[in-house]
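Inside the fold
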There are 4 protein chains.
Amino acid sequence: MKFGSWAWALKRAQTRLEQAREVAATGAISGAVGTYSSIDPFVEQYVCEKLGLTPDPLSTQVLARDRHAQVMCALACAAATLESIAMQVRLLQQSDVIEAEEPFKKGQKGSSAMPHKRNPITAERVCGLARVVKANAQVALDNVALWYERDISHSGTERVALADSFTALDYMFGKMQWILDGLQTYPDKMEHNLWRTRGLIFSSKVLLALVQTGITREEAYVIVQRNAMKVWEDIQNAVEGPTYRERLEADPEAKLTKETLDEIFDPWDFLTRKDEVFKRLEGLEF
Amino acid sequence: MKFGSWAWALKRAQTRLEQAREVAATGAISGAVGTYSSIDPFVEQYVCEKLGLTPDPLSTQVLARDRHAQVMCALACAAATLESIAMQVRLLQQSDVIEAEEPFKKGQKGSSAMPHKRNPITAERVCGLARVVKANAQVALDNVALWYERDISHSGTERVALADSFTALDYMFGKMQWILDGLQTYPDKMEHNLWRTRGLIFSSKVLLALVQTGITREEAYVIVQRNAMKVWEDIQNAVEGPTYRERLEADPEAKLTKETLDEIFDPWDFLTRKDEVFKRLEGLEF
Amino acid sequence: MKFGSWAWALKRAQTRLEQAREVAATGAISGAVGTYSSIDPFVEQYVCEKLGLTPDPLSTQVLARDRHAQVMCALACAAATLESIAMQVRLLQQSDVIEAEEPFKKGQKGSSAMPHKRNPITAERVCGLARVVKANAQVALDNVALWYERDISHSGTERVALADSFTALDYMFGKMQWILDGLQTYPDKMEHNLWRTRGLIFSSKVLLALVQTGITREEAYVIVQRNAMKVWEDIQNAVEGPTYRERLEADPEAKLTKETLDEIFDPWDFLTRKDEVFKRLEGLEF
Amino acid sequence: MKFGSWAWALKRAQTRLEQAREVAATGAISGAVGTYSSIDPFVEQYVCEKLGLTPDPLSTQVLARDRHAQVMCALACAAATLESIAMQVRLLQQSDVIEAEEPFKKGQKGSSAMPHKRNPITAERVCGLARVVKANAQVALDNVALWYERDISHSGTERVALADSFTALDYMFGKMQWILDGLQTYPDKMEHNLWRTRGLIFSSKVLLALVQTGITREEAYVIVQRNAMKVWEDIQNAVEGPTYRERLEADPEAKLTKETLDEIFDPWDFLTRKDEVFKRLEGLEF
């Protein structure tokens, strides 16, 4: 599911980059104010065609910079999506979670101070660089309002902000690909973490089942929550108390049969319709 | 030419907004983690269709925020283009230029301190508000990296930054339309300002003509510039000296006939191919 | 320690706000270009004194906007520090961590879909609003380069960005104070989580102790890491294997006495010099 | 007056940089979580003293990043002030203004297409680079909310955004100093431009004088504005009509004596109290 959501987001990122390229891949050889006063439009057409560019229908001494702002915004959106993926890796690699880890190069040492520790340093770097690319969008947006038919205030900034953003994003894509290609995932740990909540994750199903026994939603909610709260308190205090199911079984007002409880407390039940979502991913092409 | 360049830029702004709307007009009723665990996908399809939305192929508890970042970026690019137009109006309305002025409401008083003065206050306001909309793009880009399948950090910001940006941009479009509809333009002043340079604006044509007399480009450049510099110095010192043409006529090395000089110093000559550009505008539809 | 680091950061935020207020609390009644051409400087002095403002030594029609940019930057830095605190709360309140939770109002219901769940929604909101305040700094920085002796492009933006930032920051401070005043902390859970690493957090002490037995640092590192890796693999695979200490005890090359191991595996040993840090906090005044 | 306003703004920029340096010039050798668990605080004190740093009263594995955000904000404010100065140069160097020009290197050629033209390319570059430094403030603000006691997401960004900002700002200061040291100013042109308004700049003094003849402010305003409007229309249409003074002299309701008119239409009268402002500048030290 997580990989799938990233795939769709990356597809959108790709579409944005393609749309931006089309808008920016424009050429102009139309003279200082764009009137072709000393040059035949044929020259522009000819040269642009050779370069794979579309002639600008109306240019001045420079191309309008909203074109480049769109490019920077597309880069920034792509960077934000990579940040989003990297953030997930960082969350899953926390010492208290450890459901996934970015690749650990063979022979790579841990921190010298803490030999056991593996920090998601590459994912952290991707998150950091995303800040740079996102902030550069601001620069490109500030470049749009040039004075008269020219002013070269944008020129120096593009050599810094635009160039850096392409470089940084390329680097980020490379690193993110390396992370995802070699991502270590721990299914048993995922299931283990799932049960750390001692069954609380099924509370919404308990609610529905209780309502189906004929009591009101409000009554059901009270039952669901009073038992949930006790389990939560045990977790907060690191006490090994009864699970949520055991507490419900002991609650005389929670009239649920063993069959119903078996069905409720089955995590696979959440995935009944997952193929619907996976099927759609088959149609995704880059 | 100026209006034409704005028209193309606004068309691009419109396209971006339409593309962004398509990406954002998405709906999701797929459960807390997007697996339709307790709801049939048909419901999502049915409701989205009624609302004119496309169902998200893979959602979590929330829609991915790169969609909204694209919307904010499209708003920011549009704001930057309006800023660009407003900047031109401000430049043309300077006391030393006065080639155009934003509308002055009948009965509107000038500043109480300076009764004669008409400042381009509406264009200035548009420029200012563009800063707000552009900065809000940053907020939307920061909203993309949500934690796990949900986190509502984006929610409060969208009520401020996204809402404000739509409101501000709508206001800016309204004001800019008012400015352009009622823009006062002064053709005689434009021509007057053109001649303030005393013919220097034709220097590139002088250069070409001199080269055609058989001297090298370097020799021609020396002649062009030494005469141009003298005219420029007169302008710098507010001295009423000879025009550029008169200086060239007095320069024995500048061997240009009267016919050539007449042709060179004709501003309309710059516009020979202008229809090419205007013709293209005919194809522009919003 | 965490609270202490926040205290120092908030103190720095306060200092910045005070410095910015001093720079911004400036007044000017000096005429349209700041030469007091039609008003005696005494008036400015007199009025400013009444208002608690310092007269600007040289103003134009408006006060220079770097003063206001400094204010916005101080607000943005303060917002970033609040974001930093809120981020910690969010991290500690994750389902897999639960070492602290923001206050849960008596009678407050959990999510309707997931009755057991308590999300750090207030801390998330603070993080979100920080994005708004930080982005507004950009607006204030863009307001500095006004044209000539006046231009009112800044005016509209300040009514939005500056006003919103004060309001948002005030709200964020209020919410953060509420969170910290009522923050629920779970010491037993903290200790429990500490031991989830099965002793790995002491690896740096093991390294030092091994070196003191006379072997080289490289040899020691190998011993430390090969045992640490096995423990880590158990964690990754949710396997209940031997603890780090037990593995070291079983490793013939790890020649550490029981006394040494007792000392190493004592978490309180990390806190020997903590009073040094707490003592310094006593000197902190707001 | 312009130079004076820049001097005060630059002084404020200097103060901000000094304050930021003091906050950032901090050192920490306090161990992985800042408790000095394996190192005596004396070491930190000793080393920091040698390096001219203040020991952080409470650090974690890294120094809190609000310190660096303050530095970046100070750089951004300084960049905005340089942008403000450069903007003035660009405004004054417009073809229709030419009251000042940035230095033109001896032997420097103008544009090859337009040999006469001198664009304020250095001032434009300063304005452009200011956008880069201002946007980088956003990056530093985003770096504040690090996770737990460490995360190195800030590290890569600081090598880009912080380093680039120092470099760019240093470059901008160098260029701006070069511009201001060699700035060409044209006093005769300034006076010439002043009179282009044909006396309208004195309208506020006319208003005051008329009121002193015993008519109401409203009546005076009507007289002032109807004559001003006619002059303005002449300017708009590039018509050489009567000056504002001549029109007032011809208006029977504008009962102003020759002595009064002489006094009103004297530009030096605006500068009567200018020394007050210049005197204050004497106290300014960097």
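Up top is the structure these notes are about.
I will try to describe carefully the structure that is included in this document. (Residues numbered from 1 in each chain as written. Chains lettered and ligands numbered in written order. Predicted model: local features only at pLDDT ≥ 70, side-chain atom pairs only at ≥ 80, totals over all residues. Heavy atoms only, no water.)

A word on the overall build of chain A
Check the secondary structure of chain A and you find 11 helices and four strands. Here the C-alpha atoms of chain A give a radius of gyration of 28 Å, more than 25% beyond the 19 Å that 2.2 N^0.38 yields for 286 residues. Based on the C-alpha atoms only, the size of chain A along its principal axes is roughly 95 × 55 × 35 Å. If you sum the accessible surface of chain A, you get close to 12400 Å²; carbon and sulfur atoms cover 56% of it. On chain A, the mean spot of the 35 positive side-chain charges and the mean spot of the 40 negative ones are 4 Å from each other. (Helix = DSSP H or I, 4+ residues; strand = E, 2+ residues; numbered from the N terminus. Rg over C-alpha atoms; globule rule 2.2 N^0.38 Å. Areas by Shrake-Rupley, 256 points an atom, 1.4 Å probe, with all protein chains shown as cover. Lys, Arg positive; Asp, Glu negative; His and termini not counted. Charge placed at Lys NZ, Arg CZ, Asp CG, Glu CD.)

Some points on the relation of the copies chain A and chain B
Rotating chain A by 180 degrees about the axis while translating it 0.0 Å along that axis superimposes it on chain B, leaving an RMSD of 0.1 Å. Both copies are brought into coincidence by an operation consistent with a two-fold rotation axis. It is A:Cys73 whose C-alpha, among those of chain A, lies nearest the rotation axis, at 3.0 Å. A share of 100% of the interface residues of chain A reappears at the interface of chain B, consistent with the copies meeting face to face through the same patch. (Least-squares fit on C-alpha atoms with pLDDT ≥ 70 in both. Contact = heavy atoms within 4.5 Å.)

Overview of the interface of chain A and chain B
Taken residue by residue, the interface counts 62 residues in chain A and 62 residues in chain B. When chain A packs against chain B, close to 5100 Å² is buried across both sides, 59% of that on carbon and sulfur atoms. The interface formed by chain A and chain B includes eight salt bridges. Taking the shortest distance from any N to any O, the salt bridge between A:Glu149 and B:Lys2 comes out at 3.0 Å. At the surface where chain A touches chain B, the tally comes to 22 residue pairs in polar contact (both at pLDDT 80 or more). Here the side of chain A that touches chain B takes 15 residues from helix H3 (residues 66-92) of chain A, the largest share from any one element. (Buried area = accessible area lost by both parts, 1.4 Å probe. Salt bridge = Lys/Arg side-chain N within 4 Å of Asp/Glu carboxyl O. Polar contact = N/O pair within 3.5 Å; in protein donor to acceptor, adjacent residues only side chain to side chain.)

Observations concerning unusual backbone geometry
A positive phi is found at A:Arg198, a non-glycine position, where the angle reads about 55 degrees. The residue A:Arg198 is located in the loop between helix H6 (187-196) and helix H7 (203-212) in this model. The phi torsion at C:Ala238 lies on the positive side, around 55 degrees, for a residue other than glycine. For C:Ala238, the location among the structural elements is in the loop between helix H8 (217-236) and helix H9 (244-250).

As for the packing of helix H1 (residues 2-24) of chain B against helix H3 (residues 66-92) of chain B
All names here are of chain B. Between H1 and H3, whose axes approach to 8 Å, the crossing angle comes to 165 degrees. One way to sum up the angle between H1 and H3 is to call them roughly antiparallel. Like other packed secondary-structure pairs, H1 and H3 cross with a definite hand, here left-handed. Every residue of H3 that contacts H1 at Lys-2, Trp-6, Ala-9, Leu-10, Ala-13, Arg-16, Leu-17, Gln-19, Ala-20, Val-23 and Ala-24 is listed here: Arg-67, Gln-70, Val-71, Ala-74, Leu-75, Cys-77, Ala-78, Thr-81, Leu-82, Ile-85, Gln-88 and Leu-92. Grouping the constituent residues of the contact of H1 with H3 by class yields 16 nonpolar, four polar and three charged. (Axes fitted to C-alpha atoms, helices over the stretch in contact; angles between N-to-C directions. Parallel < 35°, antiparallel > 145°, perpendicular 65-115°, else oblique. Left-handed = near helix turned anticlockwise from the far one by under 90°. Nonpolar A, V, L, I, M, F, W, Y, C, P; charged D, E, K, R; others polar.)

Some thoughts on the pattern of salt bridges
Think of it this way: side chains of opposite charge can pair up when their charged atoms draw near. Applying the stated criterion across every chain yields a total of 84 salt bridges over all chains. One salt bridge in this structure joins C:Arg67 and C:Asp56, with 3.0 Å as the shortest N-O distance. Of this pair, C:Arg67 sits in helix H3 (residues 66-92) while C:Asp56 sits in the loop between strand S2 (54-55) and H3, and the two are 11 residues apart along the sequence. The burial state of C:Arg67 is the same as that of C:Asp56; both residues are buried. Between D:Asp251 and D:Arg226 there is a salt bridge, with its nearest N and O atoms 3.0 Å apart. Of the two residues, D:Asp251 is situated in the loop between helix H9 (244-250) and helix H10 (258-264) and D:Arg226 in helix H8 (residues 217-236); the sequence distance between them amounts to 25 residues. Beyond isolated ion pairs, a larger network of salt bridges with shared partners links A:Arg245, A:Glu249, A:Lys258 and A:Asp262. (Buried < 20%, exposed > 50% of the residue type's maximum accessible area, 1.4 Å probe, protein only.)

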